[in-house]
Amino acid sequence: MTRQLRLHLLNPNRPDEAFPPVEQAWDEPNGLLAVGGDLSLKRLVNAYQHGIFPWFGPREPIYWWSPDPRAVLYPHKIRITRSLRKSIRNKGYHVRFDQNFSTVVRACSAPRNYTNSTWITDDMHAAYCRLHLAGWAHSVEIYDASGTELLGGLYGVASGGVFCGESMFSRAPDTSKMALVALAYHLNAWGFALIDCQMANPYLMSMGAETISRAQFVRTLENHPYTPFTATWQVDPKIDLSRWEPEA
């Protein structure tokens, strides 16, 4: 007998309602768990605490996901190629955190070469800016040698030991990779367990990402209390990414 799958409907007027267990997520499409609700601060924090994230397109309802397997990147295992290390050493770019969070999210929302649409709607942009102001979301930014032009970056949501990456952008070669390396460098120093990459893709796998089971990912969240960094993140003044040697 075929199992009847039902998609849990969230009440937009109850931001504190519980999500269904992630084990109830669909196999196809992978990880689809619930629909509806809202993008309030309380609901988003609750979602990330339980390994759930929103992902939907323009003019679509809010879909909530918890895929299995889960793509993750352990900070000490990030892969830095010889050519990337050369770019880091020679370009003279500047790394900053949390200086232009809204601008980074807006840059990530720009249509890519392969599509004219974006999943980062105006409502999503506003929601993650609220997370940032509350101390949950952070941006990594790469500036040119003069320190004035934003060339690449990424943003995501931080927990006590997990950074849930949301999106990245690049306006010059290797700048999104540099942002990811800078993030891994600091998370490794701060004792974070992993970077959540959500779904595997060739770009992330080339940087050293791997897949783990949803159950293993949820256990990691449970073992690292979900508390925000309330202060703006600061870049290590002694940072030298060109000389950092992650574990092989």
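Residues numbered from 1 in each chain as written. Predicted model: local features only at pLDDT ≥ 70, side-chain atom pairs only at ≥ 80, totals over all residues. Heavy atoms only, no water.

## Examining the side chain of Ser 139
When you line up the elements, Ser 139 lands in strand 7 (residues 137–143). Here Glu 141 takes part through its side chain, which lies 2.7 Å from a polar atom of the side chain of Ser 139. Those residues in contact with Ser 139 that lie beyond four places of it in its chain are Arg 96, Phe 97, Asp 98, Gln 99, Asn 100, Phe 101, Val 104, Leu 154 and Tyr 155. (Helix = DSSP H or I, 4+ residues; strand = E, 2+ residues; numbered from the N terminus. Polar contact = N/O pair within 3.5 Å; in protein donor to acceptor, adjacent residues only side chain to side chain. Contact = heavy atoms within 4.5 Å.)

## Digging into the side chain of Arg 214
Following the sequence through the fold, Arg 214 ends up in helix 7 (residues 214–223). For the buried Arg 214, no salt bridge exists, and the shortest N-O distance to an oppositely charged side chain is 4.1 Å, to Asp 68. Apart from the residues within four sequence positions on either side, Arg 214 is in contact with Val 22, Glu 23, Ala 25, Ser 66, Pro 67 and Asp 68. (Buried < 20%, exposed > 50% of the residue type's maximum accessible area, 1.4 Å probe, protein only. Lys, Arg positive; Asp, Glu negative; His and termini not counted. Salt bridge = Lys/Arg side-chain N within 4 Å of Asp/Glu carboxyl O.)

## A look at the sheet that holds strand 3 (residues 53–54)
Here we have 4 strands laid out as an open sheet, ordered 1-2-4-3, and mixed in their pairing. Looking at which strands have only one partner, the edges of the open sheet turn out to be strand 1 (8–10) and strand 3. Relative to strand 4 (residues 63–65), strand 3 runs antiparallel, the two sharing 2 bridges. Its bridge partner being in strand 4, Phe 53 is matched across the sheet by Trp 65. (Pairing = 2+ DSSP bridges.)

## A look at the nonpolar core
Grouped together as the largest cluster of nonpolar side chains are 46 residues, with contacts concentrated most on Trp 64 and Tyr 128. Membership of the second largest hydrophobic core comes to 31 residues, among which are Ile 80, Ile 142, Leu 183 and Leu 187. (Core = buried A, V, L, I, M, F, W, Y, C linked by side-chain atoms within 4.5 Å.)

## Examining the sheet that holds strand 7
Pairing is mixed in the open sheet, where 7 strands are placed in the order 6-7-8-9-10-5-11. On the outer flanks of this sheet lie strand 6 (94–97) and strand 11 (210–212), each paired with one strand and no other. Across the sheet, the axes of successive neighbouring strands diverge by a mean angle of 35°, strand direction being ignored. Pairing of strand 5 (residues 70–73) with strand 10 (residues 194–198), which is carried by 3 bridges, proceeds in the antiparallel orientation. (Axes fitted to C-alpha atoms, helices over the stretch in contact; angles between N-to-C directions.)

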